[in-house]
Protein chains: 2
Amino acid sequence: MTSPGLSADETSAHGLLRLLAARGETLAVAESLTGGLVAAEITATPGASKVFRGSVTAYATELKRDVLGVDGTLLAERGAVDPEVARQMAAGVREALGADWGIATTGVAGPDAQDGQAVGTVYVAVSGPDLESMRGYADGGARGKVAALRLNGSRSEIRRESVRSVLTLLLEQLSGERAENGRAQDTEQNGGN
Amino acid sequence: MTSPGLSADETSAHGLLRLLAARGETLAVAESLTGGLVAAEITATPGASKVFRGSVTAYATELKRDVLGVDGTLLAERGAVDPEVARQMAAGVREALGADWGIATTGVAGPDAQDGQAVGTVYVAVSGPDLESMRGYADGGARGKVAALRLNGSRSEIRRESVRSVLTLLLEQLSGERAENGRAQDTEQNGGN
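Numbers given to residues run from 1 along each chain, matching the order in which its sequence is written. Labels are handed out in written order, letters beginning with A for the chains and numbers beginning with 1 for the ligands. Where totals are concerned, whole chains, interfaces and linings use all residues; where local detail is concerned, this predicted model gives features only for residues with pLDDT of at least 70, and gives and counts side-chain atom pairs only at 80 or more. Calculation of side-chain values draws on the structure's entire complement of heavy atoms; hydrogens and water are dropped beforehand.

A. View of the overall build of chain A. Per the secondary structure count, chain A includes six helices and five strands. Listed N to C, the secondary structure of chain A is α-β-α-β-α-α-α-β-β-β-α in terms of helices and strands. Exposure is judged per residue with a 1.4 Å probe applied to protein chains only, and the accessible area is read against the type maximum: over 50% gives exposed, under 20% gives buried, and values in between give partly exposed. Here chain A, with 193 residues, has 59% of them falling under the buried criterion. A total accessible area of about 7500 Å² is found for chain A, and carbon and sulfur atoms account for 46% of it. Strands here are runs of E lasting at least two residues and helices are runs of H or I lasting at least four, both read from the DSSP assignment and numbered beginning at the N terminus. Accessible surface area values rest on a Shrake-Rupley calculation with a 1.4 Å probe, where residue burial reflects the displayed protein chains alone.

Encoded structure:
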C-alpha cells in the first residue's frame, strides 16, 4: 500500500472495460474523496471511450445535490460521508450521464476529519440495471449496492485504496460473483438507514 | 517525460491552490483526454476543497454539449479536438459548477487518431473573471485563453503533459505573467475562428 498500487488498479480497470464492452454496456463515475482518480484509472486504458461515458467530481457538497441529484436534506442531516449519499451519487451520475452503470466514492481522505467522520471512513457504491433482480430497495427509485470501508494510511493511500475498492465492487457485480452472498455481504448497506 | 512528472505537477497544483486561496477564488475543471487526471492532481493536495469545486470528465462527445454546454453544431462540424471546443468547455464548467475559474483539456492521447486529428494534438483552455480586462472576445459570452499543443510520447506521457500544461496556463493567468505578451501569446486562439 505504500506504492500507488497501479498494477492491481490497472488490472481491475482493464478487466472492467473488457467485461462492459462484451456486454455492450456503458459506465459513468461520481467521485468525492478520490477526486478524479477513478476516472483517470479507467481512461488510462486505450479504447476506454467505447465504454466510459464520463465522470463528475462533486468535491463541493452542494454539487452532490445540484449536479448528481443527491437529496439535500440527507446531505444537511448526515453530511457528505454517508452510505446513502454514496448510493445516490452512483444512481445520480448514471442518470445524469446516461450510462448503464454508475459507481461512486465518498469519504475522508484526510489529513483532517470531515462532517464528524474519521479519516479513512469511505463508502463506495454501484448502481446498475442488473441489480433489479437482486435484493434491493426503492427509496427514490434507484437500486444499488454500497460497501463501507475503514482504511488506514496516508491521504494518497486512502484515495488509491478507494479507487481499487469501487472498481472491485463493480467487477463483482458484473461477474456475478458474490451476488447474494460472500465477502461483500457484510459491508452491504440498505439505502433506507 | 518518461516518468509521470509528479513532482512538477504537484508543484503546479500546490502553487495554483495557494494563489487561488489567497484571492478567495474557486476552480472547476472540464476534461476530455486527461480523463480525470487534472482533478486528481489538484485533489492530491490536502485542503483542496477550499478552492476546488469539482470537475466534469466529458469523455463521450455529446456530454460536452449536454453537460458543459459546448455548441452542438461546432462539435458536429469540427469534432471534439478543437480550440474553440476547449474554450467552451472551460467556460461551460465554470458556469455549470459555479466557479470563478474554469480550465479544460481536449485532444488525442492515442494510440489512434481521433476526429481526423493526429495523436498528440491537444488544446488546453482557461476561462475566468480577470480575463475581461484582456484582449478577449464575446461569442457566447465567455472569455478565455487557449493554448495549442503538439505533444510526443506515449498515451500516458501525452496525458501527463496535458495536465501540466493546463495548470501552467492557469498559473500564468493568475500570476499575471505573460498576460499580454510572451511565451503563451503565439499559442493563443481567438474564439471567433
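B. Structural detail: the nonpolar core. Buried residues of nine kinds, namely Ala, Val, Leu, Ile, Met, Phe, Trp, Tyr and Cys, make up a nonpolar core once their side-chain atoms join them within 4.5 Å. Leu68(A) and Leu68(B) are the most contacted members of the largest nonpolar core, which totals 48 residues. Residue contacts follow a heavy-atom distance rule, with two residues in contact if any of their heavy atoms lie within 4.5 Å. Among residues more than four places away in sequence, those in contact with Leu68(A) are Ala30(A), Val56(A), Ala58(A), Leu63(A), Gln88(A), Met89(A), Gly92(A) and Val93(A).

C. Layout of the environment of Thr105(A). All names here are of chain A. Looking at the element boundaries, Thr105 is found in strand E3 (residues 101–107). Judged by its relative accessible area of 1%, Thr105 is buried. Contacts of Thr105, omitting those with residues within four sequence positions, involve Ala30, Glu31, Ser32, Leu33, Thr34, Val38, Met89, Tyr123, Val124, Ser162 and Val166.

D. How the structure looks around the environment of Leu171(A). Residues and elements named next belong to chain A. Along the chain, Leu171 falls in helix H6 (residues 155–175). Note: C-alpha distance between Leu171 and Leu19 (152 residues apart in sequence) is 8.3 Å. Non-local contacts of Leu171, meaning those with residues more than four positions away in its chain, are made with Ser12, Gly15, Leu16 and Leu19.

E. Structural detail: H6(A). Residue and element names in this part refer to chain A. Helix span, as expected, comes to 1.5 Å for every residue beyond the first. Its 21 residues give H6 an end-to-end C-alpha distance of 30 Å, which sits within 8% of 30 Å, the value for a rise of 1.5 Å per residue. Most of H6 is tucked away, with 18 of its 21 residues classed as buried. Within two residues after H6, Gly176 carries a phi angle of roughly 80 degrees, on the positive side.

F. Layout of the sheet that holds strand E5 (residues 145–150) of chain B. Pairing in this open sheet of 10 strands is mixed, and the strands run E5(A)-E4(A)-E3(A)-E1(A)-E2(A)-E2(B)-E1(B)-E3(B)-E4(B)-E5(B) from one edge to the other. With partners counted over all chains shown, the strands left at the sheet margins are strand E5 (145–150) of chain A together with E5 of chain B, one partner each. The mean inter-strand angle of the sheet, taken between neighbouring strand axes irrespective of direction, is 10 degrees. Paired strands, as defined in this entry, are two strands with at least two bridges between them according to DSSP. In this structure, strand E2 (residues 52–58) of chain A lies alongside strand E2 (residues 52–58) of chain B, joined through five bridges in antiparallel fashion. Within E2(B), the position partnered with Thr57(A) by the bridge is Ser55(B). Contacts from H6(A) reach strand E1 (27–31), E3, strand E4 (121–127) and E5 of chain A within the one sheet, and its direction differs from that of E4(A) by about 30 degrees. The strands touched by helix H6 (residues 155–175) of chain B are strand E1 (27–31), strand E3 (101–107), strand E4 (121–127) and E5 of chain B; relative to E4(B), the strand with the most contacts, the crossing angle is about 30 degrees. Angles shown run from 0 to 180 degrees and are taken between the N-to-C directions of axes, each axis being a line fitted to C-alpha atoms and, for helices, limited to the stretch in contact.

G. Looking closely at the interface of chain A and chain B. Counting residues at the interface gives 28 residues for chain A and 28 residues for chain B. When the two sides are added together, the surface that chain A and chain B hide from each other amounts to roughly 2000 Å², 56% of it contributed by carbon and sulfur. Note on definitions: buried area is the accessible-area loss of two parts on being combined, 1.4 Å probe, summed for both. It is Thr43(A), Arg53(A) and Tyr59(A) in chain A that bury the most area against chain B; as a group they hold 27% of the surface buried on that side. What makes a salt bridge here is a side-chain nitrogen of Lys or Arg within 4 Å of a carboxyl oxygen of Asp or Glu, nothing more. Along the contact surface separating chain A from chain B lie two salt bridges. Glu62(A) is paired through a salt bridge with Arg53(B); the nearest N and O atoms lie 2.5 Å apart. Pairing of N or O atoms within 3.5 Å defines a polar contact, subject to two protein rules: one partner must be a possible hydrogen donor and the other a possible acceptor, and residues neighboring in sequence count only if both atoms are side-chain atoms. On the surface where chain A and chain B come into contact, there are 22 residue pairs in polar contact (both at pLDDT 80 or more). Those elements that provide at least two residues to the side of chain A that touches chain B are helix H2 (37–43), E2, helix H3 (61–66) and H6 of chain A. In terms of residue count, the dominant contributor to the side of chain A that touches chain B is E2(A) (seven residues). Residues of the side of chain A that touches chain B, tallied by class, amount to 15 nonpolar, nine polar and four charged. Three classes are used: nonpolar for Ala, Val, Leu, Ile, Met, Phe, Trp, Tyr, Cys and Pro, charged for Asp, Glu, Lys and Arg, and polar for all others, with Gly counted as polar.

H. Structural view of unusual backbone geometry. Residues and elements named next belong to chain A. Between Gly110 and Pro111 the backbone carries a cis peptide bond, its omega angle lying at 10 degrees. Of note, Pro111 is situated in the loop between E3 and E4. Of note, Asp115 is a non-glycine position whose phi angle comes to about 50 degrees, a positive value. Residue placement: Asp115 occurs in the loop between E3 and E4.

I. The pairing of E3(B), seen in detail. Residue and element names in this part refer to chain B. For E3, the buried fraction is high: seven of the seven residues fall into the buried class. Burial along E3 is two-sided: Trp101, Ile103, Thr105 and Gly107 and Gly102, Ala104 and Thr106, pointing in opposite directions, are all buried. In terms of strand pairing, E3 meets E4 through six bridges, oriented antiparallel. Bridge assignment links Thr106 to a residue of E4, and that residue is Tyr123.

J. How the structure looks around the confidence of the model for chain A. Residues and elements named next belong to chain A. Across the chain, each position has a pLDDT score giving the predictor's confidence in that residue, from 0 to 100. For chain A, per-residue confidence averages 84 on the pLDDT scale, and residues scoring 70 or more make up 78% of the total. A low-confidence stretch, residues 1–7 (pLDDT under 50), is modelled with seven contacts involving residues beyond four sequence positions or located in other chains. Residue range residues 178–193 is modelled with pLDDT below 50. Its contacts to residues more than four positions away, or to other chains, number 32 contacts. Overall fold confidence for the complex sits at a pTM of 0.85, while the interface term, ipTM, reaches 0.84.

K. How the structure looks around the layout of surface pockets. Residues are said to line a cavity or pocket when one of their atoms sits within 4 Å of a point; the points come from a 1 Å grid over protein atoms alone, cavities being sets where a 1.4 Å probe fits but cannot get out and pockets being open sets with protein on both sides within 12 Å along at least five of seven lines. Grid points are joined across faces, edges and corners, and a volume is the space filled by probe spheres set on the points. Looking at the second largest pocket, its volume works out to about 460 Å³. Lining the second largest pocket we find 25 residues, and of these Gly47(A), Ser49(A), Tyr59(B), Gln114(B) and Arg155(B) sit closest to its centre. Going through the elements one at a time, E2 of chain A together with helix H3 (61–66) of chain B are the ones with two or more residues in the lining of the second largest pocket.

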